[in-house]
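Fold and contact review
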Amino acid sequence: MTLYKINEMFETIQGEGVFTGVPAVFVRLQQCPVGCAWCDTKQTWDATPQDETTFDVIIQKAQDNPQWCQASADDIIQRYQQEGYTARHIVITGGEPCIYDLHALTHAFEAIGCRCQIETSGTFEVKASVDTWVTVSPKVAMKGKLPIIDSALLRANEIKHPVATAKDIDNLDALVSRVDIANSTEIALQPISQKGRATELCIETCIKRNWRLSIQTHKYLSIA
Ligand code: SF4
C-alpha cells in the first residue's frame, strides 16, 4: 500500500493554468529534491521525523510549516468526505508529487467522481491514472541538478513554464523541440513572482507564439 506524506489539504479555487477559477481541493505532498531558489513552498522540501503529526493537525493548518502526516489513499478519501468538500477537482501538488506513485490516489478520487490534476516539475516519471490531467512546470538547471525527463514532457496535458528572463523561454524551446509534444498539449508561460518585466516578456511571447498566459491569480487575491 502506498503511503503519502501530506503537508496540507484544503479547499480553494485553482489560481493558475488551464483550470484557473475552478473550485479545487489541494493535496500538497511533502518532499522535493529539485531546489528552486524562488520556491514558495520551501516548507515541503524535507520530511524530518520531528515534524510528523496527525491528519487532524494537518487539516487545520492555518500557516505554512514543515509539519506532515502519513496517509493512504483511503485515508485521504475518507478525510475529503469527512470535511464535506464540494469541489470535484483535485490538485495533487507539492513539493514534488511525482516522487510518489500516484496511481492509488488518483484512482481513489476518480472512483468517487472527482477529476485529478498533478502539478509536477517534470523531473520524475508520472505514475497516475490515464485520466489525470498532468501539468508539467519544468524546473530547468535548479540546485538539485535533476534533468527534465522526456516521459514527463510527453505525458503533459499542459506545460506551464515559469519565466523570469528570455533565457527561460530559450530553455522551454529546447525542451519542446527535444520531444514530439502532442498538438493538444497546452503551453503556457507564467511570470515568476508577479515581476513586471517577466510579465511583459510573457505577454509579448504568448501573443507571438499563440501560447497561453498563466497568472498566479491566487497571489493577487491573497488566497491559498
Ligand atoms: S519543484 Fe516546486 S516544490 Fe520543488 S523546489 Fe521547485 S518550486 Fe519548490
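Note: the structure precedes this text.
The structure presented is a predicted model; accordingly, all values stated were derived computationally and were not measured.

Notes on the sheet that holds strand 3 (residues 69-72)
Across the sheet, which stays open at both edges, the 9 strands sit in the order 3-1-2-4-5-6-7-8-9 with mixed pairing between neighbours. Among the strands making up the open sheet, the edge pair consists of strand 3 and strand 9 (212-213). One ladder, built from 2 bridges, connects strand 8 (residues 186-191) with strand 9; its direction is parallel. Residue pairing across strands places L189 opposite L213, the latter belonging to strand 9. In this fold helix 3 (residues 103-111) packs onto strand 1 (3-13), strand 4 (89-93) and strand 5 (115-120), with an angle of close to 150 degrees to the strand it touches most, strand 5.

Structural notes on the nonpolar core
The biggest cluster of nonpolar side chains holds 35 residues, and the ones touching the most others in it are I6, V27, I90, I92 and L105. Per-element accounting of this core gives the leading share, 5 residues, to strand 2 (residues 23-29). Formed by 5 residues, the second largest nonpolar core is a distinct cluster that contains V163, L189, A198 and C202.

Considering the site of the ligand
Around the ligand, the neighbouring residues are C32, V34, G35, C36, C39, T41, T44, G94, G95, E96, S121 and K139. Classifying every residue of the shell around the ligand gives 4 nonpolar, 6 polar and 2 charged.

Cut-offs and rules
Residues numbered from 1 in each chain as written. Predicted model: local features only at pLDDT ≥ 70, side-chain atom pairs only at ≥ 80, totals over all residues. Pairing = 2+ DSSP bridges. Helix = DSSP H or I, 4+ residues; strand = E, 2+ residues; numbered from the N terminus. Contact = placed C-beta atoms within 7 Å. Axes fitted to C-alpha atoms, helices over the stretch in contact; angles between N-to-C directions. Core = buried A, V, L, I, M, F, W, Y, C linked by C-beta atoms within 7 Å. Buried ≥ 20, exposed ≤ 12 C-beta atoms within 10 Å, placed from the backbone. Near = placed C-beta within 6 Å. Nonpolar A, V, L, I, M, F, W, Y, C, P; charged D, E, K, R; others polar.

It is worth stressing that arrangement in space is one thing and function is another; only the former is reported here.
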